[in-house]
Amino acid sequence: MTTATVTTDQPEPKAEKGPGRAGRAKKRLTGRTASLIALVIALLWTTPTFGLLLSSFRPEGEIKTNGWWNFFTDPAFTFDNYTQVLLSDTSSGRLGSYFFSSLVITIPAVLFPVAFASFAAYALSWIRFKGRDTLFVLIFALQVVPLQMALVPLLQMFQAWFGFEDEQKFIQIWFAHTCFALPFAVFLLHNFMSELPGDVIEAARVDGANHGTIFRKIVLPLVTPALASLTIFQFLWVWNDLLVALVFGNGKETAPMTVRLAELAGSRGEEWQRLTAGAFISIVVPLIVFLALQRYFVRGLLAGSVKG
Amino acid sequence: MDQIDILDELPKFGQLGIGVVAFVLVVGFLLFLVDRLPGFDKGRFAAAVFLFPTVLLLAVGLLFPALRTVWLSFFDKDGESFVGVANYTWMFKDPDIRGVLGNTLIWVIAVPILSAGIGLIYAIMIDRLKVEALAKALVFLPMGISFVGAGIIWRFVYAYKPEGEDQIGLLNQIVVWLGGEPQQWLLNPPWNTFFLIVVMVWIQTGFATVVLSASIKAIPTEIVEAARLDGVNAWQMFWRVTVPSIRPAIVVVLVTMSIAALKLFDLVRTMTAGNFKTSVIANEMYTQAFRLLDKGHGAALAVFLFVLVTPIIFYQVRAMRARREER
């Protein structure tokens, strides 16, 4: 895994001017006690995840009878849990199949809202038309609607449109995720697009470029960081989601990993060896994305985020 | 061991293919419209094309369903006969649901205070350490983990085995090492709610750390230096300089977390499924609407959630604007 650094939009503090008063004062503040407290917090925050990672490499018998810390006194190491989870086709395993469902759900559920929201945000920031501000406020205000408000009627609509009887389809999950993502996505991209320098766009207009060209050739390249941060948000949101998947994809064919893992976690512990490896696989994908692109994620966070 | 059959997975990827092709077609068609058709470049037409998918999806997928939920909250479990405000009186009279509302209140108070508090302390402690970036990343990491994943991670912390057996949960092992009796952490109210809250705090503290750390770095050095010259100690520095200087950021963090706590669903669903008196509004809404198939009760709970969230979000927007102006 990459060692990522958290960077922010804030200007970095000026370099310390030698061991001046402020420098010494700061040292006293971040003295030994402070470092110790920080260390304790860091340990508390990492140990649970580490325990799961270690457990996932322990044999079934060990996982079920003693704690992961026994690994240090009595090490036993195996990849069995991972091969079982990924490859076995028993009724209880087969997490590999759910992993694919997660992928199939996530890709369109990220593409659609990001594209539609960038269209909308462009129109709301750079095309002049009557009622623009009202429309923006309306879309913005929809962020307050918790998605719980939409679940029951939306499910009824899907049942009427797509039918639940025949094979299960992913389209209703994509549709739901796209709708729920749009208010925040439009808001975030509008924040960035509306702050672009107006003279660049005016100049392009004067040169006879139409809105399609300006959107593709000027605006999109300039807001790439914002697009990246929105993409990460939406990816994490969809990949990690349980509620939407439970309501709209609750069946063997369309359920993603989160649904299956939540089910396994609810069982009485017979499947714990699978649970460890399964959980770790489902965690690792977003974590890689997250760590690799953390910079953009943090920028999005600092730009202010509310998600319905 | 039977091997997984990759052929079984093909229909899924077929659907994915259709989805991606549909995406390319829709986006391509819209861009074609604004690009090629004469007249479509006029402001109004271009705006209409650009806004069409968003407005349509929001109307069909969010606005209309939300209004219908309000409507359904005045009807019975099948959504057929009008029952007035019966679903709402049920919500406030039924002792179980009152317990649920009480739990939600505890979440909304405890999660922001604990996460922001720990996040603030941590941000100050690691400020300008050599390993600051790494230290931040460690605490920020849980933000990328799903609630389901976090629930499983913490199951291995809270796991219980009867006294005398080897413990597999870290917390009980520590209790045993200290000479205590192992506990069923997630089974006994009211403390089980507290143990669930710990998990949420674990997830959210990274967010607080990152946002607060950014504003701590933005405090002008002159202010800190001037305070130093006045001879304040670390404690006074914290309360009189640091906290007032980053107050807007603290407000944003507290408010964002209280919204997250209000809407919390996954964690409770995964760890206790709302049993043992740990349910919260969002989980109860799911249980009522999709497990007990009572649309009226589910709708009323959803509307109540909306009523609770709305003022907080308006406040958040104001706080965010204030913070931006201060920069």
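Residues numbered from 1 in each chain as written. Chains lettered and ligands numbered in written order. Predicted model: local features only at pLDDT ≥ 70, side-chain atom pairs only at ≥ 80, totals over all residues.

- As annotated in an unreviewed UniProt entry, chain B carries the name Alpha-glucoside ABC transporter permease and comes from Actinorhabdospora filicis.
- In its Sequence similarities (unreviewed entry) section, the UniProt record describing chain B reads: "Belongs to the binding-protein-dependent transport system permease family."
- Entered under Subcellular location (unreviewed entry) in the UniProt record, the comment concerning chain B runs "Cell membrane". (UniProt positions renumbered as here; feature names shortened; annotations may be inferred.)

- As recorded by an unreviewed UniProt entry, chain A carries the name Sugar ABC transporter permease and is attributed to Actinorhabdospora filicis.
- As its UniProt record puts it under Subcellular location (unreviewed entry), chain A is described as follows: "Cell membrane".

Examining the UniProt feature "transmembrane region" (unreviewed entry) in chain B
All names here are of chain B.
Here is step 1 of the chain: Following the UniProt record, one finds the feature "transmembrane region" (unreviewed entry) at residues 13-33, 45-67, 105-125, 137-157, 194-216, 237-262 and 299-317.
Here is step 2 of the chain: End-to-end, the C-alpha atoms of residues 13-33 are 30 Å apart, and along that stretch the chain is 100% helix and 0% strand.
Here is step 3 of the chain: Secondary structure content for residues 237-262 is 96% helix and 0% strand, while the C-alpha to C-alpha distance between its ends is 33 Å. (Helix = DSSP H or I, 4+ residues; strand = E, 2+ residues; numbered from the N terminus.)

Quick word on the UniProt feature "domain: ABC transmembrane type-1" (unreviewed entry) in chain B
Here is step 1 of the chain: In the numbering used here, UniProt assigns the feature "domain: ABC transmembrane type-1" (unreviewed entry) to residues 101-318 of chain B.
Here is step 2 of the chain: Annotated as 73% helix and 0% strand, the span residues 101-318 of chain B places its first and last C-alpha atoms 27 Å apart.

Overview of the confidence of the model for chain A
Here is step 1 of the chain: Taken over all residues, the pLDDT of chain A has a mean of 80, while the share at 70 or more is 82%.
Here is step 2 of the chain: Every residue in residues 1-21 of chain A scores below 50 in pLDDT, and together they form 36 contacts with partners more than four places removed in sequence or on other chains. (pLDDT = per-residue confidence, 0-100. Contact = placed C-beta atoms within 7 Å.)

Considerations on the domain arrangement of chain A
Residues and elements named next belong to chain A.
Here is step 1 of the chain: Annotation of chain A at the domain level lists domain 1 (21-83) and domain 2 (95-302).
Here is step 2 of the chain: Between the C-alpha centres of domain 1 and domain 2 there is a distance of 33 Å.
Here is step 3 of the chain: Facing the nine residues of domain 1 at the interface are seven residues of domain 2.
Here is step 4 of the chain: Of all the elements, helix α2 (residues 32-56) adds the most residues to the side of domain 1 that touches domain 2, at four residues. (Domains from an automatic or database assignment.)

Focus on the interface of chain B and chain A
Here is step 1 of the chain: Between chain B and chain A, the contact holds 108 residues from the first and 103 residues from the second.
Here is step 2 of the chain: Tallying contributions element by element places helix α2 (residues 43-72) of chain B first for the side of chain B that touches chain A, with 18 residues.
Here is step 3 of the chain: Here the side of chain B that touches chain A is composed, by residue class, of 70 nonpolar, 18 polar and 20 charged. (Nonpolar A, V, L, I, M, F, W, Y, C, P; charged D, E, K, R; others polar.)

Re the domain arrangement of chain B
Here is step 1 of the chain: What the domain assignment reports for chain B is domain 1 (6-72) and domain 2 (87-326).
Here is step 2 of the chain: For domain 1 of chain B and domain 2 of chain B, the distance between their C-alpha centres works out to 36 Å.

Here we look at the confidence of the model for chain B
All names here are of chain B.
Here is step 1 of the chain: Across chain B, the average pLDDT comes to 88, with 94% of residues at or above 70.
Here is step 2 of the chain: In the model of chain B, helix α14 (residues 295-326) stands out as the element of lowest mean pLDDT, 82, in contrast to helix α4 (residues 95-126), which has the highest, 94.
Here is step 3 of the chain: Reported for the predicted complex are a pTM of 0.87 and an ipTM of 0.88.

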